[in-house]
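Report on the structure
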Amino acid sequence: MRDYALDLIIVGVYFTVIIGIGLRASRGQKTMESYALGDRSMPWWAVLASILASEISAGTFLGTPGEGFAKRNFVYAQLVIGTILARLLVAAIFIKPFYKYSVVSIYEFLEICFGKLTRRMASFVFLLTRSLASGSRIFVAAILLVLAWQLVHPEFAKMTPDERFGQELMIYAVSVILITGLTALYTTLGGIKAVVWTDLIQVSLMFGAAIYVFFWLLGKTGGWAPFVAEIKEPVFFDYGIIEGQSFWGNVKNILTQEYTIWAALIGSIFTTLATHGTDQDMVQRMLTSKDAKRGQRAVIVSGLVDLPVVVGFLAIGILIYRYYQINPDGAPTNDVFAWFMLHDLSPG
C-alpha cells in the first residue's frame with residue numbers, strides 16, 4: 001500500500017504557511033481600504049496570479065483532465081477564446097470607472113449609478129451564487145479525501161451500500177468543514193493581502209504540479225510521438241457543422257454539442273463579462289492594483305495565460321488515457337485525475 005506520510009506532511013506544511021501569511025498580513029490593517037483593497041499597493045503580477053488561482057479551482061484542476069481523458073482532443077480549450085475577448089472588454093469598459101469613483105466593491109459602484117436597491121439586490125445575488133460556487137469547489141476537493149479514505153481502508157469495499165453512503169457522507173462533511181474553516185481563518189485575519197499572496201502560492205503549486213505530472217506521464221507512455229498519435233479529430237476548433245446536413249440539422253448539432261467555437265464566442269464571452277466585470281470575487285482582486293492600467297494588465301494577461309493552462313490540463317487527461325491503455329488493470333471508472341494521483345503517481 002502506498003505510504004501517504006510525505007503527502008500529509010506537505011499538506012500540513014502548506015496550511016501552516018498560508019495561515020502564517022494570513023496572520024502576518026493582518027498587521028497594520030486599520031482601514032477598510034487597507035483590509036479590502038490592500039491599500040491598492042499589490043503588484044500587478046501578484047494580482048494576475050490571484051485571478052488565475054481563483055479561476056483554476058479544484059474543479060478545474062481535477063475536472064479538466066477528465067475532459068481530455070474522455071474526448072482525447074482540445075476542443076474544450078475553445079472556450080478560452082471567449083474569455084480572452086471578454087477580458088479585453090472588461091479592461092476597456094469596466095476597470096477605469098471603478099478606479100475613477102474609488103469604490104471598494106462593485107456594489108458600491110452600482111449604488112452610485114443605480115441606487116441602493118440595485119446594490120442590495122446585486123449583493124444578495126452575489127452572496128448566494130458565490131456560496132453555491134464555493135461550496136461546489138470545496139466539494140470537488142473533498143472527493144480526493146474520500147478516495148484516499150477508501151484506499152487506506154480496504155474494508156470499505158466490503159460494506160453494504162448504506163454503510164458506504166453513511167461513511168462517505170461523514171468524510172465529505174468533515175472535509176468541507178475543515179477546508180472552509182482553515183480558509184476562513186487566514187482570509188478573515190489577513191484580508192485581501194492574505195488572499196492575493198496565498199493565491200500566488202496556490203497557483204505556483206498548481207502549475208508546478210501540472211508540469212511535473214505532464215512530464216511524468218510523458219515518460220511513462222512513450223514520449224511525444226505516441227501522445228500526438230492519440231489526439232483525435234477535431235483537434236481544437238469544432239464548428240459543430242456536419243457536411244451534407246441541412247441548415248436546421250446543423251443548427252441542432254451546434255446547440256446540442258458542449259464545446260464549439262460558437263459556444264466560445266457567445267456563451268463564454270457573456271459568462272466571463274459577468275464573472276470578471278460584475279463579480280466581487282474577481283473585481284476586488286483587480287482593484288488592489290496601484291492604478292487602472294495595472295489592473296487592466298492583470299486581467300488581460302490572465303486570459304492569455306488561461307489558454308496554455310487549459311491545453312496543458314487537457315494534455316494530462318490524454319496522457320492519463322494512454323497510461324491506462326498501457327496499464328489497464330488500474331483503470332478508473334470516474335474522477336480520473338484524482339484516482340490517478342492517489343493510485344499511481346509518485347508520493348509527494
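Okay, so let's go over this structure. Just so we're clear, the structure is a prediction, and the values are computed from it rather than from any experiment.

1. Structural notes on the overall build of the protein
If you tally the helices and strands in the protein, you get 14 helices and zero strands. In sequence order, the protein lays out its α and β elements as α-α-α-α-α-α-α-α-α-α-α-α-α-α. Taking 2.2 N^0.38 as the reference for a compact globule, 348 residues should give roughly 20 Å; the C-alpha atoms of the protein span a radius of gyration of 22 Å, in line with that estimate. In terms of principal-axis extent, the alpha carbons of the protein reach across some 60 × 55 × 40 Å. Taking as baseline every contact in the protein between residues at least 6 positions apart, the subset at least 24 positions apart corresponds to 81%. Surface summary for the protein: the accessible area is close to 18000 Å², and the carbon and sulfur share equals 68%. On the protein, the mean spot of the 27 positive side-chain charges and the mean spot of the 25 negative ones are 11 Å from each other.

2. Focus on the nonpolar core
Counting 79 residues, the largest nonpolar core has Leu 217, Ile 316, Ile 320, Phe 337 and Phe 340 as its most contacted members. Among the elements that make up this core, the one with the highest residue count is helix α13 (residues 292-326) (15 residues). In contact with Ile 320, other than residues within four places in its own chain, are Phe 69, Leu 217, Phe 337 and Phe 340. By size, the runner-up hydrophobic cluster in this structure holds five residues, among which are Ile 18, Ala 25, Tyr 186 and Ala 194.

3. A short note on the pattern of salt bridges
Summed over all chains, the structure comprises 11 salt bridges. A salt bridge links Asp 281 to Arg 130; the shortest N-O distance between them is 3.7 Å. In this pair, Asp 281 sits in helix α12 (residues 280-286) while Arg 130 sits in helix α7 (residues 116-152), placing the two residues 151 residues apart along the sequence. Considered together, Asp 281 and Arg 130 belong to a single accessibility category, that of buried residues. Residue Arg 294 pairs with Asp 291 through a salt bridge whose shortest N-O separation is 2.5 Å. Given a relative accessible area of 30%, Arg 294 falls into the partly exposed group.

4. Topic: unusual backbone geometry
Excluding glycine, residues mostly have negative phi values, and the peptide bonds linking residues are mostly trans. In this structure, Pro 234 follows Glu 233 across a cis peptide bond, with omega equal to -10°. Note on placement: Pro 234 falls in the loop between α9 (224-230) and α10 (247-256). If you check the backbone angles, Arg 72 has positive phi at about 55° while not being a glycine. Its place among the elements puts Arg 72 in the loop between α4 (58-71) and α5 (79-100). Arg 72 sits in the buried class, given a relative accessible area of 14%.

5. Brief notes about α4
For α4, spanning 14 residues, the distance from its first C-alpha to its last is 20 Å, which sits close to the expected 20 Å at 1.5 Å a residue. When α4 is considered as a whole, its buried residues turn out to be Phe 61, Leu 62, Thr 64, Pro 65, Gly 68 and Phe 69. An end-on view of α4 places all buried positions within 165° of arc, on one side of the element. In this structure, the buried residues of α4 make contact with α7, α8 (161-220), α13 and α14 (336-343).

6. Let's talk about the side chain of Arg 40
Turning to its location among the elements, Arg 40 is positioned in the loop between α2 (32-37) and α3 (44-55). Reaching out from Arg 40, the side chain makes a polar contact with the backbone oxygen of Val 103 at a distance of 2.9 Å. Other than its neighbours up to four places away in sequence, Arg 40 contacts Glu 33, Tyr 99, Ser 102, Val 103, Leu 287, Thr 288, Ser 289 and Lys 290.

7. Here we look at the packing of α3 against α8
Axis separation between α3 and α8 bottoms out at 8 Å; the angle between their running directions is 65°. Between α3 and α8, the interaxial angle falls into the category roughly perpendicular. The hand of the α3/α8 crossing is left-handed. Where α3 approaches α8, its residues Trp 45, Ala 46, Val 47, Ala 49, Ser 50, Leu 52 and Ala 53 are matched on the opposing element by Val 195, Val 196, Trp 197, Asp 199, Leu 200, Gln 202, Val 203, Met 206 and Phe 207. Across the contact of α3 with α8, the residue classes break down as 13 nonpolar, two polar and one charged.

What counts, and at which threshold
Residues numbered from 1 in each chain as written. Predicted model: local features only at pLDDT ≥ 70, side-chain atom pairs only at ≥ 80, totals over all residues. Heavy atoms only, no water. Helix = DSSP H or I, 4+ residues; strand = E, 2+ residues; numbered from the N terminus. Rg over C-alpha atoms; globule rule 2.2 N^0.38 Å. Contact = heavy atoms within 4.5 Å. Areas by Shrake-Rupley, 256 points an atom, 1.4 Å probe, with all protein chains shown as cover. Lys, Arg positive; Asp, Glu negative; His and termini not counted. Charge placed at Lys NZ, Arg CZ, Asp CG, Glu CD. Core = buried A, V, L, I, M, F, W, Y, C linked by side-chain atoms within 4.5 Å. Buried < 20%, exposed > 50% of the residue type's maximum accessible area, 1.4 Å probe, protein only. Salt bridge = Lys/Arg side-chain N within 4 Å of Asp/Glu carboxyl O. Expected span 1.5 Å × (residues − 1). Arc of directions from axis to C-beta. Polar contact = N/O pair within 3.5 Å; in protein donor to acceptor, adjacent residues only side chain to side chain. Axes fitted to C-alpha atoms, helices over the stretch in contact; angles between N-to-C directions. Parallel < 35°, antiparallel > 145°, perpendicular 65-115°, else oblique. Left-handed = near helix turned anticlockwise from the far one by under 90°. Nonpolar A, V, L, I, M, F, W, Y, C, P; charged D, E, K, R; others polar.

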